[in-house]
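# Descriptive structure summary
So the chains spell out like this:
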Amino acid sequence: MSQISLSLRRRSAGVDRRFFAGETTAAAALFLILAAVPPIIAGYPTYILPQYMLFGVLAMSLSLLWGFAGIVSFGQAAFFSVGAYAMGLMMHQDYGFNPAYAGILIAIPAATLLAAVTGYFLFSAGARATYFVLVTLALSISAEQVAVSQSGITGGWNGLFVDRMELTFGPLGAVSLTDDARMFYFVLVIVICVYLLMRRLTTGKFGKVLVGIRENENRLTALGYDVAFYKTLAFALSGGVAGLAGALYATHANFVSPSLGGVLFSTQAVVWVAIGGRGSLLGALAGGIVVSSLTNYLSAVIPDYWQLALGFIFIVVIVFFKRGLAGLLESAFEALRHWRTAR
Amino acid sequence: MSALLRTEGLTKHFRGLVANDGIDFSLRSGEVRSIIGPNGAGKTTFLSMISGHLPPTSGRIWYRDREITSFSVVRRARIGIGRKFQTPTLFESLSAYENVELAVLRTESPPAKREARVNAALGTVRLAEGRDTPAQFLAHGQRQWLEIALLLASNAELLLLDEPTAGMTVEETAATAELINRLARERNLSIIIIEHDINFIRDLAARVTVLHLGRVLTEGPFEEVAADQRVREVYLGS
C-alpha cells in the first residue's frame, strides 16, 4: 500500500484541523465564485442559482443528520414543503407588516416542531436505520398528500402562487427582491450565514456527540449521553434549516406545489448529499448546487436520457467515491501535499 | 464501612433459563473484586444488571446507599458506573484522543481542562503516543486500555470490566493488573472484573467471587478460593 493511501487510511474520521483549514479555503472560493455570477453571467444563471443554493441548504440539513449522526432521512422534503407553504400562505395575508418576515418566522418553527415531534417519538422508541428511513419516507408521502387533500388552503395540485418578498427596514424603507440579482445576493448571504452557523455547531460539542452517535451509539449511551435527546435535537435543527430553505424557495420560485414535499424530492436531496459528500457541509451544499445545475443542463441536452445519465453518475460516485466530491477533493489535496513534502 | 455497591437477591431469567439466581453481593469503596466461573455461569449477565443493560427479573441493587434498580444505563453512567464490554466498544474511526474526548465532553467543557483530562487518561493507560491513531488501527491490547481510559475520563467511580485482558500479551496482561491495582489504590476506584485468566486474577491479589449456574459458589481471597474443592471441580480443575 502506498504511503499516501496509508496516511489516508489512518486518518481519523473526527475533526481534522487540516481538513477544516482546507474546507475554509474551499468555502471562501465557492462563495466568491457564486458572488461573481450576477455581474459576469447575468440572465438565467442569476435567476436559477438561488434556487440551487437553497437546494444546497436543504442538502446541508440532511448532511447534519446523515454525515454527522449517521441518520439517513428521506423526509427532508416534508420540512422543506412546510417552510414553503408557510411562506406561501403568509404572503397571501395582510396583517399590516411584512408578510415574508412572518412567513420565515412561521416556517422555521413549524418545520422544527414537526421534526422535533417526529424525532422525539421515533428516537425515544429506539428507532434506528431502516425503520427510521421508512418512517421518514412515510412523512414525505404524508406531506404531499396533505398538500393535495387540503386544496382549500394549499391550492391542491394547482399549488400556490407566491410573490417575491421584499426586505423592509421599518422607517428606513424597503428593498424589493423582484430584481434577480438582488434576490441572488440575499439568498447568498442567507446561505453563507446558515453554512457558518451549522459549521460552528458541528465543530463544537454538539457535532462531536453526533459523530459519536454515528460511530457507536451504544458506547455513547454507556458514557451517560442521552442519545435520543441529541438525535431529536439534530433532527429538529435539520428540519428548521430545511424549513428556512423551503420558505425562501417559495418566494424565489413564485410557486409552491405538493411535489415539493414528496418522496422524489426527498430522494433528490439524498442524491445531492451522496454526490457532494455527506461528511462535509460544504460538500453537501456544493452537491445541491452542482447536481441541480447538471440536472438542468442534462435535461436540456438529452431530454430523454438525463435521468439515466444522472443515475449513472450517482452509481459511479457511490461505488468509487464513497466520500463524494468533497472526499475526492480532499484526497487530491492530500496527495498534492504529500507530493510537495516528498520533493 | 458501608458498601459502595450492594445487590440483594438479584435474579435474571431468560424465558426458562435462570442466568442469575438470587445473587447477594457487596463491594466496598476502593475495592477490586474478581468474578470468575465457567462459561454460562452468569458473570456477564450479572455485570449487565449492574450497568443497567439488562433489567433484573427480581432483586434490588443499591449504589452509594441509593436504590438504582430502575435506573437507566444513562442514569447509572451519570452517577459513576462505567462499563467496559467484553468486546472493546469504541468509536472506531475516531482517534484515541477523540474517543477519550467524547467521554470528557459530557462533564467538562472548557477546552484547556478537557485536553488535560484527555491527556491524563491516555497517559494512565500508556496510550499517550498513540493518541492520533484511529481506534480501529490500535493493537488489541491497546483497544482494551482505550476503553478503560474512556471510563476514567468519564469520571466513573465504579468500573465494570468484562474480560479486560482478552487478547493481550503476557506483558500487557501484567501491565493491566498493575494498572487496575494502581487505580484502586491511588484513586480509590472500585472495580469489578470478569476474567478467565487465572494468572491475572492471582496477580491482582483481590477478593474473588465464584459464580456457578447463576449462583455465588464461594467468595474470598484468591488462595482460599483456589484451594476450595468445589471451585476446583467446577472451574479450575483438580
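Nothing here was measured: the structure is a model prediction, and the numbers come from that model. (Residues numbered from 1 in each chain as written. Chains lettered and ligands numbered in written order. Predicted model: local features only at pLDDT ≥ 70, side-chain atom pairs only at ≥ 80, totals over all residues.)

## Things to note about the overall build of chain B
- Helix and strand counts for chain B come out as nine helices and 10 strands.
- Computed over C-alpha atoms, the radius of gyration of chain B comes to 18 Å, within 12% of the 18 Å expected from 2.2 N^0.38 for 238 residues, which places it in the range of a compact globule. (Helix = DSSP H or I, 4+ residues; strand = E, 2+ residues; numbered from the N terminus. Rg over C-alpha atoms; globule rule 2.2 N^0.38 Å.)

## Topic: the overall build of chain A
- Tallying secondary structure elements over chain A gives 15 helices and four strands in all.
- At 20 Å, chain A has a C-alpha radius of gyration in line with the 20 Å of a compact globule built from 343 residues.
- C-alpha extents for chain A along the principal axes are approximately 65 × 50 × 50 Å.
- Counting across all 343 residues of chain A, residues that qualify as buried make up 48%. (Buried ≥ 20, exposed ≤ 12 C-beta atoms within 10 Å, placed from the backbone.)

## Thoughts on the nonpolar core
- Met60 and Met87 of chain A together with Val100 and Ala149 of chain B are the most contacted members of the largest nonpolar core, which totals 166 residues.
- By residue number, the principal contributor to this core is helix α4 (residues 44-69) of chain A, which donates 15 residues.
- Beyond its immediate sequence surroundings of up to four residues, methionine 60 of chain A is in contact with Val194, Tyr195, Met198, Val241, Leu281, Ala284 and Leu285 of chain A. (Core = buried A, V, L, I, M, F, W, Y, C linked by C-beta atoms within 7 Å. Contact = placed C-beta atoms within 7 Å.)

## Here's the deal with the packing of helix α10 (residues 205-222) of chain A against helix α3 (residues 96-105) of chain B
- Following both chains from N to C, one finds α10 of chain A and α3 of chain B inclined at 105°, their axes separated by 10 Å at the closest point. Taken together, the axes of α10 of chain A and α3 of chain B lie roughly perpendicular to each other. Here α10 of chain A contributes Lys205, Lys208, Val209, Gly212 and Leu220 of chain A to the contact with α3 of chain B, which in turn contributes Glu101, Leu102 and Leu105 of chain B.
- For the contact of α10 of chain A with α3 of chain B, the class distribution of residues is four nonpolar, one polar and three charged. (Axes fitted to C-alpha atoms, helices over the stretch in contact; angles between N-to-C directions. Parallel < 35°, antiparallel > 145°, perpendicular 65-115°, else oblique. Nonpolar A, V, L, I, M, F, W, Y, C, P; charged D, E, K, R; others polar.)

## Considering the environment of valine 209 of chain A
- Along the chain, valine 209 of chain A turns up in helix α10.
- Look at valine 209 of chain A and you get buried, because 24 C-beta atoms sit within 10 Å.
- Through-space distance from the C-alpha of valine 209 of chain A to that of alanine 110 of chain A is 26 Å; in sequence the pair is 99 residues apart.
- If we skip the residues at most four places from it in the chain, valine 209 of chain A touches Tyr225 and Tyr230 of chain A together with Leu105 of chain B.

## Comments concerning the sheet that holds strand β7 (residues 158-162) of chain B
All names here are of chain B.
- In space, the six strands of this open sheet follow the order β6-β7-β8-β3-β9-β10, with mixed pairing throughout. The open sheet terminates on both sides in strands that have one partner only, identified here as β6 (81-84) and β10 (215-221). Pairwise comparison of adjacent strand axes, ignoring direction, gives a mean angle of 15° for this sheet.
- Bridge count between strand β3 (residues 32-36) and strand β9 (residues 207-212): four bridges; the pairing is parallel. Across the sheet, residue arginine 33 finds its bridge partner in β9, namely arginine 207.
- With respect to the sheet, helix α9 (residues 229-236) is in contact with β3, β9 and β10, its orientation differing from that of β10 by roughly 120°. (Pairing = 2+ DSSP bridges.)

## Considerations on helix α13 (residues 281-301) of chain A
- The terminal C-alpha atoms of α13 of chain A lie 30 Å apart, and with 21 residues this matches the ideal 30 Å at 1.5 Å per residue to within 8%.
- Within α13 of chain A, burial applies to Leu281, Leu282, Gly283, Ala284, Leu285, Ala286, Gly287, Gly288, Ile289, Val291, Ser292 and Thr295 of chain A. (Expected span 1.5 Å × (residues − 1).)

## Let's talk about the packing of helix α5 (residues 76-90) of chain A against helix α7 (residues 129-149) of chain A
Residues and elements named next belong to chain A.
- Where α5 meets α7, the axes come as close as 8 Å, and the angle between the chain directions of the two elements is 30°. Classified by the angle their axes make, α5 and α7 are roughly parallel. Residues Ala77, Ala78, Ser81 and Tyr85 of α5 lie in contact with α7, whose contacting residues are Leu139, Ser140, Ala143 and Ala147.

## Notes on the sheet that holds strand β4 (residues 58-63) of chain B
All names here are of chain B.
- The antiparallel open sheet is built from four strands, whose spatial order is β2-β1-β4-β5. Looking at the sheet topology across the chains shown, the edges are occupied by β2 (17-27) and β5 (66-67).
- Direction of pairing for strand β1 (residues 5-14) relative to β4: antiparallel, over a ladder of five bridges. Bridged to glutamate 8 within β4 is arginine 60.
- Against the sheet, helix α1 (residues 43-51) makes contact with β1, β2 and β4, and its axis sits at roughly 60° relative to β2, the strand it touches most.

## Re the confidence of the model for chain A
- Taken residue by residue, chain A gives an average pLDDT of 90. The fraction at 70 or more is 94%.
- A low-confidence stretch, residues 1-10 of chain A (pLDDT under 50), is modelled with 10 contacts involving residues beyond four sequence positions or located in other chains. (pLDDT = per-residue confidence, 0-100.)

## Examining the pairing of β2 of chain B
All names here are of chain B.
- Of the pairings in the sheet, the one linking β1 to β2 comprises seven bridges and is antiparallel in character. Pairing of histidine 13 across the sheet is with valine 18, part of β2.
- Hairpin geometry of β1 and β2 is characterised by an intervening segment of two residues between the two adjacent antiparallel strands and by a positive phi of about 55° at arginine 15.

## A closer look at the environment of phenylalanine 200 of chain B
Residue and element names in this part refer to chain B.
- Tracing the sequence through the fold places phenylalanine 200 in helix α7 (residues 198-204).
- Judged by C-beta crowding, with 21 C-beta atoms within 10 Å, phenylalanine 200 ranks as buried.
- Along the sequence, phenylalanine 200 and alanine 177 sit 23 residues apart, while their C-alpha atoms lie 6.6 Å from each other.
- Excluding anything up to four places from it in sequence, phenylalanine 200 contacts Thr165, Thr173, Ala177 and Glu195.

## A few points about helix α4 (residues 111-124) of chain B
All names here are of chain B.
- Here α4 contains 14 residues, and its C-alpha end-to-end distance of 20 Å stays within 8% of the 20 Å for a straight helix at 1.5 Å per residue.
- Among the residues of α4, Arg117, Val118, Ala121 and Leu122 are the ones counted as buried. Buried residues of α4, viewed axially, fall in a sector of 130°; they line one side. Residues Ala112 and Lys113 are exposed on α4 and point more than 90 degrees away from its buried face.
- Those residues of α4 that are buried lie in contact with α3 and α5 (140-153).
- Backbone geometry just downstream of α4 places arginine 126 in the positive-phi region, at approximately 60°. (Arc of directions from axis to C-beta.)

## A short note on unusual backbone geometry
- Positioned with a positive phi, alanine 129 of chain A is a non-glycine residue whose angle comes to about 30°.
- By secondary structure assignment, the location of alanine 129 of chain A is in helix α7.

## Details of the pairing of strand β8 (residues 190-194) of chain B
Residue and element names in this part refer to chain B.
- Counted residue by residue, β8 has five buried out of five residues, so it is predominantly covered.
- Residues Ser190, Ile192 and Ile194 of β8 are buried on one face, and the alternating residues Ile191 and Ile193, pointing to the opposite face, are buried as well.
- Both β3 and β8 contribute to a ladder of four bridges, which runs parallel. Along β8, the bridge assignment pairs valine 32 with isoleucine 191.

## Here's the deal with the confidence of the model for chain B
- Of the residues in chain B, 99% reach a pLDDT of 70 or more, and the chain-wide mean stands at 93.
- Across the interfaces of the predicted complex, the ipTM metric reaches 0.92, alongside a pTM of 0.90.

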